[in-house]
Amino acid sequence: MTTPLAFGRYRMERDSAAALALRALCFRNGASDADVLDATCDHWTVVDGITGETVAAFRILLIPDAAGLGGSYSARFYDLSRLAALSGPYLELGRFCLH
């Protein structure tokens, strides 16, 4: 776990376990919200520096080139073919949650 950013009483941490726990609470009433993309994503949390509570989480998927767009979460629901015309890399941010 690293602490690269801090803003007032809040700090960001790269912490997949805490991010998945908050996602479970926010999206599934405590049941797991993990999916196949979690293994390849970076998971970030926002932690309250006073209480130590994780108050927000999100994940980042780095997609190196257009060939990888089909493996993104967004590709499950949207036609991303127009993005393929742009040069990569691409960055998908998702599974944002606040508590």
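Here, the structure is the one placed above.
Residues numbered from 1 in each chain as written. Predicted model: local features only at pLDDT ≥ 70, side-chain atom pairs only at ≥ 80, totals over all residues. Heavy atoms only, no water.

Draft legend 1. Region of interest: helix H1 (residues 16-28). Along its 13 residues, H1 runs 17 Å from first to last C-alpha, staying within 8% of the 18 Å computed at 1.5 Å per residue. Of all the positions in H1, only Ala 18, Ala 19, Leu 22, Arg 23 and Ala 24 are classed as buried. Elements in contact with the buried residues of H1: strand S3 (42-48), strand S4 (54-63) and strand S5 (90-98). Backbone nitrogen of Ala 17 and a side-chain oxygen of the N-cap are separated by 3.3 Å at the start of H1; the cap is Asp 15. The first or second residue beyond H1 is Asn 29, which carries a positive phi of 55°. (Helix = DSSP H or I, 4+ residues; strand = E, 2+ residues; numbered from the N terminus. Expected span 1.5 Å × (residues − 1). Buried < 20%, exposed > 50% of the residue type's maximum accessible area, 1.4 Å probe, protein only. Contact = heavy atoms within 4.5 Å. Polar contact = N/O pair within 3.5 Å; in protein donor to acceptor, adjacent residues only side chain to side chain.)

Draft legend 2. The pairing of strand S2 (residues 10-14), seen in detail. Of the pairings in the sheet, the one linking strand S1 (residues 5-7) to S2 comprises three bridges and is antiparallel in character. Within the sheet, the bridge partner assigned to Leu 5 lies in S2 and is Met 12. Where S1 folds back onto S2 in an antiparallel hairpin, the turn is made up of two residues, including Gly 8, whose phi is positive at roughly 60°. Looking at chain direction, S2 and S3 are connected through five bridges and run antiparallel. By the bridge assignment for S3, Glu 13 is matched with Thr 45. (Pairing = 2+ DSSP bridges.)

Draft legend 3. The environment of Gly 68, seen in detail. Mapped onto the secondary structure, Gly 68 falls in the loop between S4 and S5. Each C-alpha atom of the pair Gly 68 and Gly 88 lies 9.6 Å from the other, and the pair is 20 residues apart in sequence.

Draft legend 4. Region of interest: the nonpolar core. Membership of the largest hydrophobic core is limited to seven residues, which are Met 12, Trp 44, Val 46, Val 55, Ala 56, Phe 58 and Ile 60. Elements with a minimum of two residues in this core: S3 and S4. Top contributing element to this core by residue count: S4, with four residues. Beyond its immediate sequence surroundings of up to four residues, Phe 58 is in contact with Met 12, Asp 42, His 43, Trp 44, Gly 94, Arg 95 and Phe 96. Counting six residues, the second-largest nonpolar core is a separate cluster that includes Leu 37, Leu 61, Ile 63 and Leu 69. (Core = buried A, V, L, I, M, F, W, Y, C linked by side-chain atoms within 4.5 Å.)

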